[in-house]
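Chain and residue survey
Here are the chains, one letter per residue:
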Amino acid sequence: MTTKLTPQELAELEQAGLLETLEDVRAAAANDVPEPSPLYWDHLSARVKAAVDAEPMPSASSGWRAWWRPIVICSTAMATIAIAVALRVMPVAPAADTTASNEAAAAAELADASAAEETSAMWDAIGAVAPKMPVSAAMEAGLAPGRYATDAAIEDLTEAQRRELVRLLRLELSNNP
Amino acid sequence: MGAAVRTATSIGMQPTWSIRVTRSETASPDQMAVLQAADDKALVQSFISGQREAFDVLVERHRRHVYQLCYRFLGNHEDASDMTQDVFVRAFKGLRNFKGDSAVGTWLYRVGVNACLNRVAVKQPRLEPIEPEQHVDQRTDSAYDTVARDERAVVVRRAIAKLPPKQRATLVLRMYQELSHEEIAGVLGSSVGAVKANFFHALGNLKRLLQAADAASSQEQS
């Protein structure tokens, strides 16, 4: 065995009491692999050649394909997530409600949203349609708000918007005693 | 035309398949002589440029070391032989990605160590008993010494097989394959400091395992 260890390594191993173990390994390492028959090596080469011949010659483009594919997959995943998040945070269209008070709340919210997003064609369309849509038609169309949607919408209002909402509700209630 | 196709056409059938005969282009003796004389990096370049025989020369050049590495991890000829073939097939597929940062032999060790560690992680190696007459120089050793040394070697090999994978790989590459710490770092993809620490820990763990084996052996005898 001709493994060369530096004097420093040997000193460290001696200090740790590992020289005897090192000698054990050295002794076990001597001729630890039985030498196969001289014919074996050509047989091994022939086996490898047969296995390799069954493989297509690796193409030059396989290298860059290997790295651009993950990039494309990641980009697609990120784009999908971005779209999903954008859709989720997009303001929910105020739907016609079953009560007159909710209609008033929706109208108040609609007024604010229209001011904030003047360019939104979607809001314009909903603003035009919602006041004229009967509640029953809205329900049939599946436009009823989900549970807690009204509460959540009120939570999002600013103080001024809430004051305006209260004013509209009172006005509505006074018109429909 | 193959016999099956001839038979099919003679009875009026149109075969839905065909036999394609491809003629393998082998290198001329002169080309092979050039390849045999080339260094490893030149062989890699020849392979990348499409000369398949360059890979055969690489196999011939490194097969013994790869086989010995596999044997030291797997402990028997059959598994080592299969793994050696597998290592070269992996090398064939990945040789285009070889950047030339290290020697081809070191890169092959890396492929081999990874393949062997994956293998021993799923299947405990079956250590082949080594016949004394295969290895021991009978001219200088008494029969008793021969048997005792051989038994000790088996115990050490079993203990090495129980080491954690990185420690085992470090010990095998350092003590058996005689690689330097720097070369081992290249093979294992770790720092030289980590290799030195692994080597130290491997010997420490081996010492404990051998002590436990000795204690168990003396208990059996008593």
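One can find the structure itself at the top, above this paragraph.
So, a few notes on the structure that sits alongside this text. (Residues numbered from 1 in each chain as written. Chains lettered and ligands numbered in written order. Predicted model: local features only at pLDDT ≥ 70, side-chain atom pairs only at ≥ 80, totals over all residues. Heavy atoms only, no water.)

Here we come to the overall build of chain A. Across its full length, chain A holds nine helices and zero strands. What you see in chain A, going N to C, is helices and strands ordered as α-α-α-α-α-α-α-α-α. Counting every position in chain A, which comprises 177 residues, the buried fraction comes to 24%. Taking all contacts inside chain A whose residues are at least 6 apart in sequence as the whole, residues at least 24 apart take part in 57%. For chain A, the accessible area works out to roughly 11,900 Å², and carbon and sulfur atoms hold 63% of it. (Helix = DSSP H or I, 4+ residues; strand = E, 2+ residues; numbered from the N terminus. Buried < 20%, exposed > 50% of the residue type's maximum accessible area, 1.4 Å probe, protein only. Contact = heavy atoms within 4.5 Å. Areas by Shrake-Rupley, 256 points an atom, 1.4 Å probe, with all protein chains shown as cover.)

With that settled, consider the side chain of B:Asp40. Residue and element names in this part refer to chain B. By the element assignment, Asp-40 lies in helix 3 (residues 40-48). Here Asp-40 falls in the buried class, since its relative accessible area comes to 16%. Polar contacts involving the side chain of Asp-40 include one to the side chain of Arg-61, which spans 2.9 Å. (Polar contact = N/O pair within 3.5 Å; in protein donor to acceptor, adjacent residues only side chain to side chain.)

It is worth spelling out the interface of chain B and chain A at this point. In this complex, chain B contributes 45 residues to the contact, which on the side of chain A involves 42 residues. Regarding the contact of chain B and chain A, the summed buried area is about 4,100 Å², with carbon and sulfur atoms giving 63% of it. It is B:Arg52, B:Arg63 and B:Met175 that lose the most area in chain B upon contact with chain A, and together they represent 15% of the buried surface on that side. Linking chain B with chain A are eight salt bridges, by the criterion used here. B:Lys93 is the salt-bridge partner of A:Glu55, the closest N and O atoms lying 3.8 Å from each other. (Buried area = accessible area lost by both parts, 1.4 Å probe. Salt bridge = Lys/Arg side-chain N within 4 Å of Asp/Glu carboxyl O.)

This paragraph deals with the pattern of salt bridges. Evaluated as defined, the whole model comprises 15 salt bridges over all chains. Between B:Arg152 and A:Asp24 there is a salt bridge, and its shortest N-O distance comes to 2.9 Å. Taken as a pair, B:Arg152 in helix 8 (residues 143-161) and A:Asp24 in helix 2 (residues 19-29) lie in two separate chains rather than in one. Since its relative accessible area comes to 25%, B:Arg152 is described here as partly exposed. Taking relative accessible area as the criterion, A:Asp24 reaches 16% and is therefore assigned buried. Linking A:Arg167 and A:Glu164 is a salt bridge whose minimum nitrogen-to-oxygen distance equals 2.7 Å.

Remark: the centre distance and the inter-plane angle together describe each pair of aromatic rings, the angle taken between the planes. Following the criterion strictly, the structure yields nine aromatic pairs over all chains and no others. Summarising the aromatic geometry, the rings of A:Tyr40 and B:Tyr67 are spaced 5.4 Å apart at their centres and angled 55 degrees between planes, so their arrangement reads as tilted. Taken together, the residues span two chains, with A:Tyr40 in helix 3 (residues 38-53) and B:Tyr67 in helix 4 (residues 53-74). Each member of the pair, A:Tyr40 as well as B:Tyr67, is classed as buried. (Phe/Tyr/Trp six-rings, centres within 6.5 Å; stacked < 30°, edge-to-face > 60°.)

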